[in-house]
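Per-entry structural report
One-letter residues, chain by chain:
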Amino acid sequence: MGCCSVTQRNTGTDEVGPDEIELLEINNAGLWSLSESRLQISTRNGTDEGPHRCPSVRRLKQEEPDPVSVRNKTKHNHSQLVLWGRTKKELHHMLYTHPIREWEGQAPHTYGDIIHSSSVYLHSGYTKAMSERYLVLFSFHLLILALDSANHEFIYEGILPLSAIEVHLISQQDPNSPHMFEISGPMVDSKIFICNSAAEKNAWMENIEERRYKSLRQQLSPSHSTLSYLVPCDENWKKEELKRYLLRSPILQWEGTPIQHMGYPKYLSLVHISNIHAQGPQERLLVLFPFDLLILSLDCHHVRVKYEGRLPLKSIKARERSALPGRLEFELTGELMEPLLVSCIYPEDYQSWIFQLQQPDKVADSLPHHNLPPLIPKKRRS
């Protein structure tokens, strides 16, 4: 989980490789940058203050806090023991430098500085049980960790892009009731967290809303977008990185089951799709899951992903349209859909899609059932 420095390249995206993708970092302006990277172990100030009214997204506080008071409060808060006999500063250092069990995707330090973190309880709406979690807020992501208190280890449970979630205060009439807030979104299951105090609850509400507002307002340029480095996905390492990117990044106008519940993608590629109503071929990203074929679109700068639909694999068939050189086309048909003409860019993509989608018909029931030979009785002693 360490990070080695590389020489920064300014010659375009063609020379960016998988090692450089691991060094994509978020700078203080909220942009992804490819840089000569050293491990940055630092925390944001002014997040553990007393209770405040949670601001709306449209009305964030514009006043700058007094730097002296912020430093004093931060120093005091970071000197207190938080978990496993460690201070918050020591826990942040641990997150950056120690392996996290079952971790997936980029190393934690690539998500930038830690804005806020604390121990909370996850409330189950079904069993009403509560289990301890550790939440970590980065510039544009919220990390959820389970705890192995016996071994003093963190266990990865997921990382959510702030632009794809909403945070709601769960009001309670009784002043002695738990201090709760809820996280929800079209691509995530609703989660209710219980804080130890009203001040901690308000701190989470304010910090998440502020960072979410900045992430929604931030206009990414192609030179700073992770997605632009991975598209076109003309190499295997780009395909693998793009699979992980889609599972943890917001997808506009998402509908239905969260993408994390669809399984791990088996294959993906850029194609051009046309039908009888389309003016011409449209660029689409096809993503094959174990039971569905997901159709996504990208904006012209390749920085945003939009949901276009999904097709159950059991209801569609792929048929080759032409075997002529240079025409890598196949047709997707189904009983409840109009035929779609899919044109691939690379021959290997065409061959892979045909292999994946042309599933043989089920002939198990048509095969004759051979009876087993009769059992020979054992001889009995006379």
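Just so you know, these numbers come straight off a predicted model, no measurement behind them.

Secondary structure summary: the protein contains seven helices and 18 strands in total. Here the protein holds 382 residues, and 45% of them are scored as buried. Taking the contacts inside the protein whose residues are at least 6 apart along the sequence as the reference set, 53% of them involve residues at least 24 apart. For the protein, the accessible surface area stands at approximately 22,300 Å², while carbon and sulfur atoms represent 51% of it.

Moving on, we come to the sheet that holds strand E16 (residues 316–320). With antiparallel pairing, seven strands are arranged side by side in an open sheet as E15-E14-E13-E12-E18-E17-E16. Both outer strands of the open sheet, strand E15 (305–312) and E16, are each paired with one neighbouring strand and no more. Neighbour-to-neighbour, the strand axes of this sheet turn through a mean angle of 35°, independent of strand direction. Note that strand E13 (residues 282–288) and strand E14 (residues 292–298) share four bridges and pair antiparallel. If you follow Val287 over to E14, its bridge partner there is Leu294. Each of strand E12 (267–274), E13, E14 and E15 is contacted by helix H6 (residues 236–248), which is oriented at about 85° to E12, the strand it contacts most.

Summarising the element assignment, Cys300 is placed in the loop between E14 and E15. Classification of Cys300 as exposed rests on a relative accessible area of 70%. As a C-alpha pair, Cys300 and Glu283 span 17 residues in sequence and 9.7 Å in three-dimensional space.

What follows covers the nonpolar core. Counting residues in each nonpolar core, the largest one holds 24 residues, and the members touching the most others are Leu242, Leu246 and Ile259. For this core, the secondary structure elements donating two or more residues are helix H5 (226–230), H6, E12, E13, E14 and E15. Ranked by the residues each element gives to this core, the list is headed by H6, at five residues. For Ile259, the residues in contact, after removing those within four places along its chain, are Met187, Leu246, Leu247, Ile251, Trp254, Phe289 and Leu294. Membership of the second largest hydrophobic core comes to 22 residues, among which are Val271, Leu293, Ile295 and Leu340.

Time to look at the packing of aromatic side chains. The final tally for this structure, using the stated rule, is eight aromatic pairs. Geometrically, the ring pair formed by Tyr111 and Phe138 is tilted, given 5.7 Å between the ring centres and 35° between the ring planes. Placement of Tyr111 in the loop between helix H3 (88–97) and strand E5 (116–123) and of Phe138 in the loop between strand E6 (130–137) and strand E7 (141–148) is noted, with a sequence separation of 27 residues between them. Phe138 gets classed as buried once you look at its relative accessible area, which sits at 1%. Centroid distance Tyr267 to Trp353: 5.3 Å. Interplanar angle 85°. Geometry classified as edge-to-face. Note that Tyr267 is positioned in strand E12 and Trp353 in helix H7 (residues 347–357), a separation of 86 residues in sequence.

Turning to the pattern of salt bridges, a few remarks are in order. Counted by the stated rule, this structure contains nine salt bridges. Here Arg133 ties to Glu157 by a salt bridge, and the two come within 2.9 Å at their closest N and O atoms. One end of the pair, Arg133, is in strand E6; the other, Glu157, is in strand E8 (residues 153–161), with 24 residues separating them in the sequence. Residue classification places Glu157 among the partly exposed residues on the basis of a relative accessible area of 43%. In this structure, Glu331 engages Arg319 in a salt bridge whose closest nitrogen and oxygen atoms are separated by 2.4 Å. Pair noted here: Glu331 is in strand E17 (residues 329–334) and Arg319 is in strand E16, with a separation of 12 residues, a long-range link. Look at the salt bridges and you will find they share partners, linking Arg101, Asp148 and Glu153 into a network.

The next subject is the environment of Lys317. Checked against the element boundaries, Lys317 lands in strand E16. The exposure class assigned to Lys317 is exposed, which follows from its relative accessible area of 55%. Along the sequence, Lys317 and Glu335 sit 18 residues apart, while their C-alpha atoms lie 9.7 Å from each other.

Further remarks concern H6. Between its terminal C-alpha atoms H6 stretches 19 Å, which fits the 18 Å expected from 13 residues at 1.5 Å a residue. Most of H6 sits out of view: 10 of its 13 residues are buried. When we look at burial in H6, the residues that qualify are Trp237, Lys238, Lys239, Glu241, Leu242, Lys243, Tyr245, Leu246, Leu247 and Arg248.

Here we take up the confidence of the model for the protein. Low-pLDDT portions of the prediction should not be read for the details of their coordinates. Of the residues in the protein, 67% reach a pLDDT of 70 or more, and the chain-wide mean stands at 74. At the low end of the mean pLDDT range in the protein sits strand E2 (residues 32–34), at 37; at the high end sits E6, at 94. In the model, residues 67–72 has pLDDT below 50 throughout and makes three contacts with residues more than four positions away in sequence or in other chains.

It is worth spelling out unusual backbone geometry at this point. Trans peptide bonds make up the majority, and among non-glycine residues the majority have a negative phi. Residue Pro232 is reached from Val231 by a cis peptide bond, and omega for that bond is 5°. Considering the arrangement of structural elements, one finds Pro232 in the loop between H5 and H6. Of note, the phi angle at Glu102 is positive, near 65°, even though the residue is not glycine. Here Glu102 shows up in the loop between H3 and E5. Backbone geometry at His152 places phi at a positive 55°, although glycine is not the residue there. Tracing the chain through its elements places His152 in the loop between E7 and E8.

Conventions adopted
- Residues numbered from 1 in each chain as written.
- Predicted model: local features only at pLDDT ≥ 70, side-chain atom pairs only at ≥ 80, totals over all residues.
- Heavy atoms only, no water.
- Helix = DSSP H or I, 4+ residues; strand = E, 2+ residues; numbered from the N terminus.
- Buried < 20%, exposed > 50% of the residue type's maximum accessible area, 1.4 Å probe, protein only.
- Contact = heavy atoms within 4.5 Å.
- Areas by Shrake-Rupley, 256 points an atom, 1.4 Å probe, with all protein chains shown as cover.
- Pairing = 2+ DSSP bridges.
- Axes fitted to C-alpha atoms, helices over the stretch in contact; angles between N-to-C directions.
- Core = buried A, V, L, I, M, F, W, Y, C linked by side-chain atoms within 4.5 Å.
- Phe/Tyr/Trp six-rings, centres within 6.5 Å; stacked < 30°, edge-to-face > 60°.
- Salt bridge = Lys/Arg side-chain N within 4 Å of Asp/Glu carboxyl O.
- Expected span 1.5 Å × (residues − 1).
- pLDDT = per-residue confidence, 0-100.

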